[in-house]
Each structure stands twice: as C-alpha cells, then as structure tokens.
Amino acid sequence: MTNLIIEKTKYTPFVSFDTQTNIFEISGESYSEDSIDFYQPVLEWLQKYLPNNQQPVTFNFFFIYFNTSSSRSIFEILEVLEDYYLQTKVPVQVNWNVKTNDHDMMEDGENFQENFDKLPFKFAFKHLV
C-alpha cells in the first residue's frame with residue numbers, strides 16, 4: 001500500500017503515514033469546518049492498511065490547535081488504533097507531543113488516554129523550531 005501524505009493548509013494538519021517505517025504523523029492545526037470530510041480518507045486508509053500490517057506502529061500527534069469536530073475524528077483514529085492493538089497484539093505506540101508549556105493541549109491528550117487506557121501513550125513537550 002502506498003504512503004499517505006496530505007499537505008497542511010491554513011485549516012488542516014499535515015498527515016504523513018509512511019509504510020516503510022510505520023511512523024504515522026498528524027501535526028499542525030485542525031479547525032476545518034469540514035473536518036469529518038478531511039479525516040475520512042485518513043480513517044479509510046488506516047482501516048485498509050492495518051489489517052495487513054504485522055510491524056510495530058508509531059503514531060505521532062503534534063497539534064498546535066484542534067476544534068471540537070476535529071476532536072471527534074482524533075477519537076475515531078485512536079479507536080481504530082486501539083481496536084487493532086487489542087485484536088492483533090502488534091505493538092502500537094501513540095506519542096502525544098505538544099508545544100513547550102501548552103498544558104491545555106497536554107490535558108487534551110491525557111483526556112484521550114483516559115478513553116483508550118489499553119493503548120500505550122507517551123507524552124512530551126517539544127520546542128518548536
């Protein structure tokens with residue numbers, strides 16, 4: 001399956017799903033009014049790719065900001081990852097990265113973790129270059 005790359009726009013994040021490394025990243029700002037439309041191909045790609053994958057997956061989130069409708073899509077992505085992890089036992093690592101001192105975004109990640117307590121999460125503050 002080919003990699004999934006979606007360039008960022010003013011309202012949507014950068015998406016990079018690399019099938020060679022199994023490092024998947026969503027980063028930037030996500031506040032499109034049509035976030036469901038934006039994330040639908042992302043979810044479909046994951047649902048097609050994961051059932052045939054046997055290699056560990058690293059999923060990096062690095063949001064500067066996301067709106068409520070994006071939050072629902074992030075929840076759905078985490079749901080797909082946790083279901084995959086529980087069904088296959090293939091290692092999945094979720095890395096929730098936030099800007100240094102962005103405690104609100106860190107709290108958002110911790111709230112997601114509470115809903116997906118079987119999914120391995122790591123949290124980190126990162127300095128923006």
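Below is a summary of the structure that appears in this document. Within any chain, residue numbers begin from 1 and follow the written order of that chain's sequence. Selection of residues for local features in this predicted model requires a pLDDT of at least 70, selection of side-chain atom pairs for listing and counting requires 80 or more, and totals for whole chains, interfaces and linings are taken over all residues. Values reported for side chains reflect all heavy atoms of the structure, with hydrogen atoms and water molecules removed beforehand.

Points about the pattern of salt bridges
Any two side chains of opposite charge can pair, given that their charged atoms come close.
For step 1, the next point in the chain: What counts as a salt bridge is simple: a side-chain nitrogen of Lys or Arg found within 4 Å of a carboxyl oxygen of Asp or Glu. In total, this model carries two salt bridges according to the counting rule given.
For step 2, the next point in the chain: We note a salt bridge from Arg72 to Glu76, for which the minimum N-O separation is 3.4 Å. Of this pair, Arg72 and Glu76 both sit in helix α2 (residues 68–88), separated by four residues, roughly a single helical turn.
For step 3, the next point in the chain: Residue burial is assigned from relative accessible area. The probe radius is 1.4 Å, only protein chains are included, and a residue is buried under 20% of its type maximum, exposed over 50%, and partly exposed in between. Taking the relative accessible area as the measure of exposure, Arg72 reaches 44% and is therefore partly exposed. Secondary structure follows DSSP: runs of H or I at least 4 residues long count as helices, runs of E at least 2 residues long count as strands, and numbering of each begins at the N terminus.

A few points about the pairing of strand β2 (residues 14–18)
The side chains of a regular strand alternate between the sheet's two faces.
For step 1, the next point in the chain: Here strand β1 (residues 4–6) pairs with β2 via three bridges, running antiparallel. Each bridged residue has a counterpart across the sheet, and for Leu4 the counterpart in β2 is Phe17.
For step 2, the next point in the chain: At least two bridges found by DSSP between two strands are what make those strands a pair. Examined bridge by bridge, β2 and strand β3 (residues 23–30) share five bridges and lie antiparallel to one another. When the bridges of β3 are listed, Val15 appears paired with Ile26.
For step 3, the next point in the chain: Between β2 and β3, which pair antiparallel in sequence order, lie four residues; one of them, Asn22, sits at a positive phi of approximately 60°.

Some thoughts on a negative patch on the surface
For step 1, the next point in the chain: Where like charges cluster on the molecular surface, the negative patch consists of Asp104, Glu107, Glu110 and Glu114.
For step 2, the next point in the chain: Residue position: Asp104 is located in helix α3 (residues 103–115).
For step 3, the next point in the chain: Look at Asp104 and you get exposed, because its relative accessible area is 58%. Every patch collects residues that have over 30% relative accessible area and no salt bridge, joining them within 9 Å if they carry like charges and within 5 Å if they are nonpolar side chains (Val, Leu, Ile, Met, Phe, Trp, Tyr). Here the accessible surface of atoms and residues is derived via Shrake-Rupley with a 1.4 Å probe, and residues count as covered only by protein chains that are part of the display. Here the positive residues are Lys and Arg and the negative ones are Asp and Glu; neither His nor the chain ends is included. To locate a charge, take NZ of a lysine, CZ of an arginine, CG of an aspartate or CD of a glutamate.

Things to note about the packing of aromatic side chains
For step 1, the next point in the chain: When the centres of two rings from Phe, Tyr and Trp lie within 6.5 Å, Trp using its six-membered ring, the rings pair. Their planes under 30 degrees apart give stacked, over 60 give edge-to-face, and anything left gives tilted. Tallying each qualifying case throughout the model produces 20 aromatic pairs.
For step 2, the next point in the chain: Plain terms: the ring middles of Phe17 and Phe59 are 5.5 Å apart, the flat faces sit at 65° to each other, and that makes the pair edge-to-face. Here the residue Phe17 occupies a position in strand β2, and Phe59 occupies one in strand β4 (residues 57–66), the gap between them amounting to 42 residues.
For step 3, the next point in the chain: For Phe17, a relative accessible area of 0% gives the class buried.
For step 4, the next point in the chain: Under the relative-accessibility criterion, Phe59 is labelled buried at 0%.
For step 5, the next point in the chain: Ring pairs connect the aromatic residues Phe17, Phe24, Trp45, Tyr49, Phe59, Phe61, Phe63, Phe66, Trp96 and Phe112, which therefore count as one cluster.

Describing α3
For step 1, the next point in the chain: Compared with the 18 Å implied by 1.5 Å per residue over 13 residues, the 19 Å span of α3 between its first and last C-alpha is a close match.
For step 2, the next point in the chain: Of the residues making up α3, those classed as buried are Met105, Met106, Gly109 and Phe112. In an axial view of α3, the angular spread of the buried residues amounts to 115°, which keeps them on one side of the axis. Residues of α3 that are exposed and angled more than 90 degrees away from the buried face: Asp104 and Glu114.
For step 3, the next point in the chain: The contact criterion used is simple: two residues touch if any of their non-hydrogen atoms lie within 4.5 Å. Looking at the buried residues of α3, the elements they touch are β4, α2, β5 (92–99) and β6 (121–126). Expected helix span is given by 1.5 Å per residue-to-residue step, counting one fewer step than there are residues. Here the arc refers to the directions that run from the helix axis out to each C-beta atom.

Quick notes on the side chain of Ser30
For step 1, the next point in the chain: If you trace the backbone, Ser30 turns up in strand β3.
For step 2, the next point in the chain: For the purposes of these results, a polar contact is taken to be a pair of N or O atoms within 3.5 Å, where, inside protein, one atom must be able to donate a hydrogen and its partner to accept one; residues adjacent in sequence count only when each atom of the pair is a side-chain atom. Side chain to side chain, Ser30 and Tyr39 meet in a polar contact 2.8 Å long.
For step 3, the next point in the chain: Of note is the side chain of Ser30, whose polar atom sits 2.7 Å from the side chain of Ser70.
For step 4, the next point in the chain: Discounting residues that sit within four places of it in the chain, Ser30 has contacts with Tyr11, Pro13, Tyr39, Phe63, Tyr65, Phe66, Asn67 and Ser70.

Worth remembering: the numbers are spatial, not functional.
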